[in-house]
Amino acid sequence: MPKPDQHRLTIRLTGDEYALIQKKAGEQALAAFVRDAVLDKAANKRKATRRIVPQDRAILAQVLAKLGTSPLILAFRAIATESASFERADRRHPVGERHG
């Protein structure tokens, strides 16, 4: 959800328009490219975000694959299950509501 001082702009494009923007943007994120193109220097005041590069994705996939075969996966699964059950209980009994 955008922060109160932020606004979202949604536009519809044809397939050709979208492909042209993708081509012009190159490796830059489409939203950043359009923002830069429309706002010129004002857009450069925003924090840069780091995109995950393909090498990072490959390493991440290897780490996740090893984690999946590790005994630690059972501990992570137990934590996730426990967390989910707490979330369900919180929704049923919000703070400040009487149980009885």
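For the structure itself, look to the data block above.
Scoring rules and cut-offs
- Residues numbered from 1 in each chain as written.
- Predicted model: local features only at pLDDT ≥ 70, side-chain atom pairs only at ≥ 80, totals over all residues.
- Heavy atoms only, no water.
- Helix = DSSP H or I, 4+ residues; strand = E, 2+ residues; numbered from the N terminus.
- Buried < 20%, exposed > 50% of the residue type's maximum accessible area, 1.4 Å probe, protein only.
- Areas by Shrake-Rupley, 256 points an atom, 1.4 Å probe, with all protein chains shown as cover.
- Axes fitted to C-alpha atoms, helices over the stretch in contact; angles between N-to-C directions.
- Parallel < 35°, antiparallel > 145°, perpendicular 65-115°, else oblique.
- Contact = heavy atoms within 4.5 Å.
- Nonpolar A, V, L, I, M, F, W, Y, C, P; charged D, E, K, R; others polar.
- Patch = residues over 30% accessible without salt bridge, like charges linked within 9 Å, V, L, I, M, F, W, Y side chains within 5 Å.
- Salt bridge = Lys/Arg side-chain N within 4 Å of Asp/Glu carboxyl O.

Q: Which residues make up the overall build of the protein chain, and what values do they have?
A: In terms of helices and strands, the protein chain carries four helices and zero strands. Across the 100 residues in the protein chain, those meeting the buried criterion constitute 5%. By element, 59% of the accessible surface of the protein chain is carried by carbon and sulfur atoms, the whole surface being about 9,800 Å².

Q: Mind laying out the packing of helix H1 (residues 15-25) against helix H2 (residues 30-39), listing which residues take part and the relevant values?
A: As a packed pair, H1 and H2 sit with axes 10 Å apart at the nearest point and diverge in direction by 85 degrees. With respect to H2, the axis of H1 lies roughly perpendicular. Contacts from Tyr-18, Ile-21, Gln-22, Lys-24 and Ala-25 of H1 reach H2 at Leu-30, Phe-33 and Val-34. Partitioning the contact of H1 with H2 into residue classes produces six nonpolar, one polar and one charged.

Q: How would you sum up a nonpolar patch on the surface? Please name residues and give values.
A: Side chains of Leu-9, Ile-11, Leu-13 and Tyr-18 sit close together on the surface and give an oily, nonpolar patch of about 430 Å² of accessible area. Structurally, the position occupied by Tyr-18 is in helix H1. What makes Tyr-18 partly exposed here is its relative accessible area of 40%.

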